[in-house]
Amino acid sequence: MEEARVAVVIEDEEDIRSLLSTVLAQAGFEVHGAANGADGVELVRAHRPLVTTLDVNMPGIDGFETAKRIRAISSTYIVMLSARTEEIDALQGLEAGADDYVAKPFRPRELRARIDAMLRRPRHVALPEDEPGDASLSSNGSWLEHHGLRLNAATHLVTVDGHDVELTRSEFDILADLLMAGRRVRAKSDLAIMLRGDQYAVNDFVSDSDARAIEVHMANLRRKLGESPSNPRWIETVRGVGYRLTA
């Protein structure tokens, strides 16, 4: 079932909330707005949005805590916006469950482009016919499996030894990409470009911050899977390059 184009804007400054709502409405979203984190979480619970924008500095619970609460109930794309431009703030946002971190002031056209890029991320997994990976596909073609780890692209489900694992969209996409690649190494730059939805773009520049964000997503993914980086069951680090499935 295709997800409805619903968005939630959580922003305490009314003029910015109005601007964000306008940008998203022009992109075809039905938009609901909240002035604080607690109300925003309830809007996410009620409307099940595809995209949620979230300010960091708000009265009451801040954006980082709000992101954690949203992530506990929803797989919505979370775009965090903040006047804080330090890399540590962006990393903290990603660790809280955000899919992207945008600095204020932002350009509406750039924000829309970044949201469009997230929505272009591949949701259906298929192994290349001429270069198969080492993960096995089950007979129904929907599941990718590797050492008791199973991922279903169609239903967005991940299980480990029969137990469900809740992942953010970014974590899910990284895991799906690695399962498709099998024993082929996926560089951090490859994964960053994949998350941006820019696989076919001319500009493939990847910053140090982009690479660091992949490391944060990977750390969160491994923690949720219950995997030790020093003795990996599923994903091994190729030092100085990237990641690949274990043998």
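Located above this text is the structure these notes cover.
Residues numbered from 1 in each chain as written. Predicted model: local features only at pLDDT ≥ 70, side-chain atom pairs only at ≥ 80, totals over all residues. Heavy atoms only, no water.

Draft legend 1. A look at helix α3 (residues 63–71). Buried within α3 we find Gly63, Phe64, Thr66, Ala67, Ile70 and Arg71. Projected down its long axis, α3 carries its buried residues within an arc of 160 degrees, all on one side. Measuring from the side-chain oxygen of the N-cap residue of α3 to the backbone nitrogen of Phe64 gives 3.2 Å; that N-cap residue is Asp62. (Buried < 20%, exposed > 50% of the residue type's maximum accessible area, 1.4 Å probe, protein only. Helix = DSSP H or I, 4+ residues; strand = E, 2+ residues; numbered from the N terminus. Arc of directions from axis to C-beta. Polar contact = N/O pair within 3.5 Å; in protein donor to acceptor, adjacent residues only side chain to side chain.)

Draft legend 2. Structural context of the nonpolar core. Leu151, Val158, Ile174, Leu175, Leu221, Leu225 and Ile235 are the most contacted members of the largest nonpolar core, which totals 29 residues. Elements that contribute at least two residues to this core include exactly β8 (149–152), β9 (157–160), α6 (169–181), α7 (188–196), α8 (208–225) and β13 (242–245). If you look at the next biggest cluster of nonpolar residues, it comprises 18 residues, including Val8, Val44, Met58 and Ala67. (Core = buried A, V, L, I, M, F, W, Y, C linked by side-chain atoms within 4.5 Å.)

Draft legend 3. Inspection of the pairing of β13 at higher detail. In this sheet, β13 lies alongside strand β11 (residues 186–187) in antiparallel orientation, the contact comprising 2 bridges. When the bridges of β13 are listed, Arg186 appears paired with Tyr243. Between strand β12 (residues 235–238) and β13, which follow one another and run antiparallel, lie 3 residues, and Gly240 among them has a positive phi close to 80 degrees. (Pairing = 2+ DSSP bridges.)

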